[in-house]
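Given next are the chains, with one letter for each unit.
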Amino acid sequence: MPNTHAEIHVVRKDNRHLYENYFDPYFRLRYEIYVKQRKWMALDRPDGREIDQFDTDEAVYLFAIEAGQLIGAMRAVPTLSPTLMSDIFPYLNLRGPVRRPDIYELSRVFVIPERRGEHAGPRVEMLLLTAIMEYGVSIGLTAFSIVLESWWLPRFERIGWKAHPLGLPHQMDGMSVLAVLVDCDEATWKSLCGQIGMSVPVLTWRGLGDINRRALPALSLLPPPAAQHAR
Ligand code: COA
C-alpha cells in the first residue's frame, strides 16, 4: 500500500485560481532546490523565486500535495510552445526541434528533501512519474521530450520508461546532459501502477470538468505487488 497520502493534482490555466496559494511556495521551493541546493546559478533571481520563461499559461503542473503541503511537483510544457529543448538547448537534439501537439516537454521534477528516497513503498517521485504518464495518456500524448542529466537513464530503465536519445550527451557545469523522447502509452502507465500497487488512476482533476480527456479505467487485473518490480 502507498506509504504516502499525497494527492497528485493537475494544475493548468483553467483551474489555476483554485491553487493560487500554492504558487508562491512552489516557486520558492524551486529556488531552494535548484539555485541554493543544486546551484544552477543561471536560474538565480533576486526575489528568491525560481521562475523562467516557460512558466506561462501553457504550462501544466502536477502538484503532489499532502495535508495541504506541497511536497513535490513536475512541469509539462506543450512542444508547440517554446521549450527548454527548442530555445535553450537546441544543439542537444540532432533531429531539430520537437514541435508536435502530442508531445509535451517535462522539466523541474522535484520532491522536497525530507520526502526523498522512501524505499518502503511508492515514493513521491514514483507517484509523480506514474501521474505524468496518466496525464499524457488521458489527453492523448504519445511522448514526452526531456532535457535531463544522464543519471536518469538507468532509473528510467528500471521503472520501464522507454527513453530514446535525440543526440549525444554534453558536459554542462560538470553534468552530463542529453535530450530524450520518452514513450507515453497505456502499457507503461499500467506497468507503473503495478509497480506502486495502485489500482486506480492517481490524478485529481479539480475544476477541470470541461477539458477533453479520456477517463482511464481502474486496473483490476494487476498482478499482486509481490510479483512486481518496484525499485
Ligand atoms: N545526481 C546523481 N544522482 C542523483 C541526483 C543527482 N543530482 N539526484 C538523485 N540522484 C539519484 C540518487 O543518487 C539516488 O540513487 P540511489 O537510490 O541509487 O542511491 C536516486 O537518484 C534517488 O534519489 P533520491 O534523492 O534519494 O530520491 P527520490 O528518488 O525520492 O527523488 C528526485 C529523486 C530527483 C525527485 C530528487 O532527488 C529531487 O527532488 N532532486 C532535486 C531536484 C532535481 O534535481 N530534479 C531533477 C532535475 S529537474
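Residues numbered from 1 in each chain as written. Predicted model: local features only at pLDDT ≥ 70, side-chain atom pairs only at ≥ 80, totals over all residues. Heavy atoms only, no water.

How do you make sense of the overall build of the protein chain when you look at a structure like this?
Within the protein chain, the regular secondary structure consists of five helices and nine strands. For 231 residues, the compact-globule estimate of 2.2 N^0.38 gives 17 Å, and the C-alpha radius of gyration of the protein chain, at 17 Å, lies within 12% of that figure. C-alpha atoms of the protein chain, sized along the principal axes, occupy 45 × 40 × 35 Å. Burial analysis of the protein chain (231 residues in total) assigns 53% to the buried set. Taking all contacts inside the protein chain whose residues are at least 6 apart in sequence as the whole, residues at least 24 apart take part in 73%. When the accessible surface of the protein chain is split by element, carbon and sulfur atoms take 56% of a total near 11,100 Å². Considering the protein chain, the positive charge centre built from 26 side chains and the negative charge centre built from 27 side chains are found 2 Å apart. (Helix = DSSP H or I, 4+ residues; strand = E, 2+ residues; numbered from the N terminus. Rg over C-alpha atoms; globule rule 2.2 N^0.38 Å. Buried < 20%, exposed > 50% of the residue type's maximum accessible area, 1.4 Å probe, protein only. Contact = heavy atoms within 4.5 Å. Areas by Shrake-Rupley, 256 points an atom, 1.4 Å probe, with all protein chains shown as cover. Lys, Arg positive; Asp, Glu negative; His and termini not counted. Charge placed at Lys NZ, Arg CZ, Asp CG, Glu CD.)

Looking at this structure, I do not really get the side chain of E66. What am I missing?
Relative to the helices and strands, E66 is located in strand β2 (residues 60-66). Within polar-contact distance, the side chain of E66 engages the backbone nitrogen of A6 at 3.4 Å. (Polar contact = N/O pair within 3.5 Å; in protein donor to acceptor, adjacent residues only side chain to side chain.)

For this particular structure, what's the right way to read the packing of helix α3 (residues 124-139) against helix α5 (residues 186-196)?
Interhelical geometry of α3 versus α5 gives an angle of 150 degrees and a closest axis separation of 9 Å. When the axis of α3 is compared with that of α5, the two are roughly antiparallel. Classified by chirality, the crossing of α5 by α3 is left-handed. Contact residues: α3 offers M126, L127, L129, T130, M133, E134 and V137, while α5 offers E186, T188, W189, L192, C193, Q195 and I196. Taken together, the residues of the contact of α3 with α5 break down into nine nonpolar, three polar and two charged. (Axes fitted to C-alpha atoms, helices over the stretch in contact; angles between N-to-C directions. Parallel < 35°, antiparallel > 145°, perpendicular 65-115°, else oblique. Left-handed = near helix turned anticlockwise from the far one by under 90°. Nonpolar A, V, L, I, M, F, W, Y, C, P; charged D, E, K, R; others polar.)

Help me understand the packing of aromatic side chains, please; the structure alone is not making it clear to me.
Considering all chains together, one arrives at 19 aromatic pairs under this definition. Taking the centre distance of 5.2 Å and the plane angle of 55 degrees together, the rings of F23 and F63 count as tilted. Residue F23 is found in helix α1 (residues 20-37), and its partner F63 is found in strand β2; the two are separated by 40 residues along the sequence. Relative accessible area serves as the criterion here: at 3%, F23 is assigned to the buried category. Between Y26 and F27, the ring centres sit 5.1 Å apart and the planes meet at 50 degrees, which makes this aromatic pair tilted. For Y26, a relative accessible area of 0% corresponds to the buried category. Here a set of aromatic residues connected by ring pairs shows up, and it is made of Y19, Y22, F23, Y26, F27, Y34, W40, Y61, F63 and F110. Just above the ring of F23 sits the side chain of R16; from NZ or CZ to the centre is 3.7 Å. Here R206 stacks its cationic end above the ring of Y19, 4.7 Å away from the centre of that ring. (Phe/Tyr/Trp six-rings, centres within 6.5 Å; stacked < 30°, edge-to-face > 60°. Lys NZ or Arg CZ within 6 Å of the ring centre and 35° of its normal.)

Sorry, what's going on with the pattern of salt bridges here?
One side chain can pair with another of opposite charge once the charged atoms of both are near each other. Counted under the stated rule, the structure contains 22 salt bridges. Salt-bridge contacts for D14 lead to R12; the nearest nitrogen and oxygen are separated by 3.1 Å. Of the residues examined, D14 reaches a relative accessible area of 36% and is grouped as partly exposed. Beyond isolated ion pairs, a larger network of salt bridges with shared partners links R30, E50, D52, D55, R75 and R108. (Salt bridge = Lys/Arg side-chain N within 4 Å of Asp/Glu carboxyl O.)

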